[in-house]
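Summary of the model geometry
The lines below spell out each chain.
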Amino acid sequence: MSSQPLNLPQRPRRLRRTETLRKMVRETTLSVDDLIYPMFVMEGEEEKVEIASMPGCYRYSLDLLLEEIAEVSRLGINAVALFPVIPENQKDDTGTESYNPEGLIQETVKAIKKAVPEILIITDVALDPFTTHGHDGLVDENGKILNDQTLEVLVKMALSQAEAGTDFVAPSDMMDGRIGAIRTALDAEGYINVGILAYSAKYASAYYGPFRDALDSAPKFGDKKTYQMDAANAKEALKEIELDIAEGADIIMVKPALAYLDIICQVKAATNLPVAAYDVSGEYAMIKAAAQYGWIDEKKVILETLTSMKRAGADLILTYFAKEVALMLM
Ligand code: PBG
């Protein structure tokens, strides 16, 4: 710290005098390159259904999704994170549809690679969209999550996504050991260039509510607290990222983002890997709702919120605002 003689007045406002000056000394900038757009795909044709608790976000049938992704790519967004809406009659106890080589996600990846080859694809690895019980893992007759048996299914799922042509698999299930199991299997099958974006510090959060509406994937019993992290813990986040890095993660993620800026900051300081933050559905819904009431200036709040995530240390942000922000930054 430099010290000034006390008789000279300190005038930090000097650097805030004009917009040009403020731009010149700005420490953090938000760019379209930082954004990853999460999108929902469903079966059918010519269908686009708005998610009630996420105004401005839709479930798209594949044909319309492809048009939307072409538009998203034109706006300069580099990557999409895909989530499938699985019909009830394709769900079962063990999530077998998750590794169907002709499943919704697999077919979607193949179609995007043909239609919009320049966009990067990130596919979610977790069982919750595919299980009747809505949990991310296999469950025994007493409702206990079966960690190691789940890994076998997650590996099949990741391999089927790699086979379809995904760029990154993103395990969001929080089972112990899944990054290592998936990396080992991908390498063994020759998918050395398929990356892993690990949901490393994923908290058991009430902010996921609107997303579970979107996929109709809320757990039918219990909660996710035996696998997702306790909101009160920070050191545990550092332990989780250390393990995921050792097991072969390429990018690590903190989720949710807004209520966990301190975690993003600590994680960033603890690793040289790129850090992603997931600005989740509930964070999106809160801003949209307040804006609909006219209580906040939506655009300014969106930019301020996403800038805070970058300032905290996020290199990448998964956000449902991605398309709107890309337009704002043009
Ligand atoms: C599924 C998954 C969830 C989200 C991303 N992947 C929900 C959950 O864990 O229950 C939430 C994303 C959001 O709220 O935007 N494993």
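Structure shown above.
Residues numbered from 1 in each chain as written. Predicted model: local features only at pLDDT ≥ 70, side-chain atom pairs only at ≥ 80, totals over all residues. Heavy atoms only, no water.

**Comments concerning helix H9 (residues 281-292)**
Under the convention used in this document: Strands are runs of DSSP state E lasting at least two residues, helices are runs of H or I lasting at least four, and both sets are numbered from the N terminus onward. Any helix carries an expected span of 1.5 Å times its number of residues minus one. Only protein chains enter the accessibility calculation, which uses a 1.4 Å probe; a residue is then buried when its area is under 20% of its type maximum, exposed when over 50%, and partly exposed in between. In this analysis, two residues are considered to be in contact whenever any of their non-hydrogen atoms come within 4.5 Å of each other.
For H9, spanning 12 residues, the distance from its first C-alpha to its last is 16 Å, which sits close to the expected 16 Å at 1.5 Å a residue. The buried count for H9 comes to 9 of 12 residues, which makes it a mostly enclosed element. Of all the residues in H9, the buried ones are Ser281, Gly282, Glu283, Tyr284, Ala285, Ile287, Lys288, Ala290 and Ala291. Lining the buried residues of H9 we find strand S3 (54-61), helix H6 (209-215), strand S9 (275-279), helix H10 (298-312) and helix H11 (322-329). Taken from the residues just after H9, Gly294 is the one with a positive phi, measuring 75 degrees.

**A closer look at the site of the ligand**
Spelled out, the test is: Note on definitions. A residue lies near a molecule or strand when any single heavy atom of the residue is within 4 Å of it. We define a polar contact as two N or O atoms separated by no more than 3.5 Å, with the added condition that, inside protein, one atom must be a possible hydrogen donor and the other a possible acceptor, whereas residues neighbouring each other in sequence contribute only through side-chain atom pairs. Only the protein chains shown count as cover for residues, and all accessible areas are computed by the Shrake-Rupley method using a 1.4 Å probe. For this classification, Asp, Glu, Lys and Arg are treated as charged, while Ala, Val, Leu, Ile, Met, Phe, Trp, Tyr, Cys and Pro are nonpolar and the rest, including Gly, are polar.
Close to the ligand lie 18 residues, the nearest being Lys202, Arg212, Lys255, Ser281 and Tyr320. Between Asp136 and the ligand, the recorded distance is 2.8 Å, taken from a side-chain N or O atom to a nitrogen atom. Tyr320 is positioned with one of its side-chain polar atoms (N or O) 2.6 Å from an oxygen atom of the ligand. Within the complex, the protein chains bury 100% of what would otherwise be the 400 Å² of accessible surface of the ligand. In the shell around the ligand, the residues fall into 8 nonpolar, 3 polar and 7 charged.

**Side note on unusual backbone geometry**
Between Lys255 and Pro256 the backbone carries a cis peptide bond, its omega angle lying at -10 degrees. Position of Pro256 relative to the elements: it lies in the loop between strand S8 (251-255) and helix H8 (261-270). Although it is not a glycine, Met174 adopts a positive phi angle of roughly 65 degrees.

**Quick notes on the packing of helix H4 (residues 147-164) against helix H5 (residues 178-188)**
How we decide: What counts as an axis is a line fitted to C-alpha atoms, over the stretch in contact for a helix, and the angles between N-to-C directions run from 0 to 180 degrees. Note that the term roughly parallel is reserved for angles under 35 degrees, roughly antiparallel for angles over 145, roughly perpendicular for angles of 65 to 115, and oblique for everything else. Left-handed describes a crossing in which the near helix is turned anticlockwise from the far one by less than a right angle; the clockwise case is right-handed.
In the contact formed by H4 and H5, the axes pass within 9 Å of each other and the chain directions differ by 45 degrees. Between H4 and H5, the angle is such that the two are oblique. The handedness of the crossing between H4 and H5 comes out as right-handed. Within the contact between the two elements, H4 uses Leu151, Leu154, Val155, Ala158, Leu159 and Ala162 and H5 uses Arg178, Ala181, Ile182, Ala185 and Leu186. Tallied by class, the residues present in the contact of H4 with H5 amount to 10 nonpolar, no polar and 1 charged.

**Some words on the side chain of His135**
Topologically, His135 is positioned in the loop between strand S5 (120-125) and H4. Among the polar contacts listed, one links the side chain of His135 to the backbone oxygen of Phe221, at a separation of 2.9 Å. Non-local contacts of His135, meaning those with residues more than four positions away in its chain, are made with Leu127, Asp128, Ile145, Pro219, Phe221, Asp223, Lys224 and Tyr227.

**Overview of the pairing of strand S7 (residues 195-202)**
In plain terms, the rule: In this analysis, strands are considered paired if DSSP registers two or more bridges between them. For crossovers, right-handed means that the path from the first strand over the helix to the second runs clockwise, given strands pointing away from the viewer.
Within S7, 8 of the 8 residues are buried, which leaves it mostly tucked inside the rest of the structure. Bridge analysis of strand S6 (residues 168-171) against S7 gives 2 bridges, and the strand direction is parallel. Bridge pairing links Val169 to Ile196 in S7. Where the polypeptide runs from S6 across H5 and back to S7, its parallel neighbour, the crossover connection is right-handed. Pairing analysis gives 5 bridges linking S7 to S8, with the strands arranged parallel. Residue pairing across strands places Ala201 opposite Val254, the latter belonging to S8.

**Re the pairing of strand S4 (residues 79-84)**
Most of S4 is tucked away, with 6 of its 6 residues classed as buried. Of the two faces of S4, the one carrying Ala79, Ala81 and Phe83 and the one carrying Val80, Leu82 and Pro84 are both buried. Relative to S4, strand S1 (residues 35-42) is paired through 6 bridges, and the arrangement is parallel. The partner of Tyr37 across the bridge, within S4, is Val80. Alignment of S4 against S5, held across 4 bridges, turns out to be parallel. Residue Leu82 lies in a different strand from S5, and its bridge partner there is Thr123. Between the parallel pair S4 and S5, the chain is carried across by helix H3 (residues 104-115), and the sense of this crossover is right-handed.

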